[in-house]
Amino acid sequence: MEYPYWTNNKEMEKILDRKIKMIWDFRGPGAARTAEHYRKHLEEFVTVEELKYDLSGVEHFGPTHSIAFLVVAEFELKEVKDILKPHRGQIYSGEL
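Keep in mind that what you see is a predicted model, and the values were worked out from it rather than measured.

Conventions we followed
Residues numbered from 1 in each chain as written. Predicted model: local features only at pLDDT ≥ 70, side-chain atom pairs only at ≥ 80, totals over all residues. Heavy atoms only, no water. Helix = DSSP H or I, 4+ residues; strand = E, 2+ residues; numbered from the N terminus. Expected span 1.5 Å × (residues − 1). Buried < 20%, exposed > 50% of the residue type's maximum accessible area, 1.4 Å probe, protein only. Arc of directions from axis to C-beta. Pairing = 2+ DSSP bridges.

1. Regarding helix α2 (residues 31-49)
Step number 1: With 19 residues, α2 extends 26 Å from end C-alpha to end C-alpha; this agrees with the ideal 27 Å at 1.5 Å per step.
Step number 2: The set of residues buried in α2 consists of Ala31, Ala35, Leu42, Phe45 and Val46. Here the buried residues of α2 occupy an arc of 95° about the axis, which is enough to place them on one side. Exposed positions of α2 whose direction lies more than 90 degrees from the buried face are Arg33, Thr47 and Val48.
Step number 3: Remark: Glu50 follows α2 within two positions and exhibits a positive phi of approximately 55°.

Here it is as structure tokens:
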């Protein structure tokens, strides 16, 4: 992503400090258990890689659909995405 030359430092900091929620979807009768298990691996990854934020979790949308998620700083996104290969992502605006 390229930024225009007129972007000042405060704008750049705001862009680079955005939080991205990386999401892995799990479906089927074991979705909840699988998402919980995957979250443990995400927590280990955060520790080993010393990521800026330590926020991961699971959400359940029904008996056959759950997600595991990890929130990362935007400047970490490319590297983490290449390693972990999330299914999707979105800008995270919640509390840390």
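Following the structure, the description resumes.
2. Things to note about the pairing of strand β2 (residues 55-62)
Step number 1: Taken together, the seven bridges between β2 and strand β3 (residues 65-73) define a ladder with antiparallel strand orientation. If you follow Val58 over to β3, its bridge partner there is Ala68.
Step number 2: Here β2 hands over to β3 after two residues, the two strands then running antiparallel side by side.

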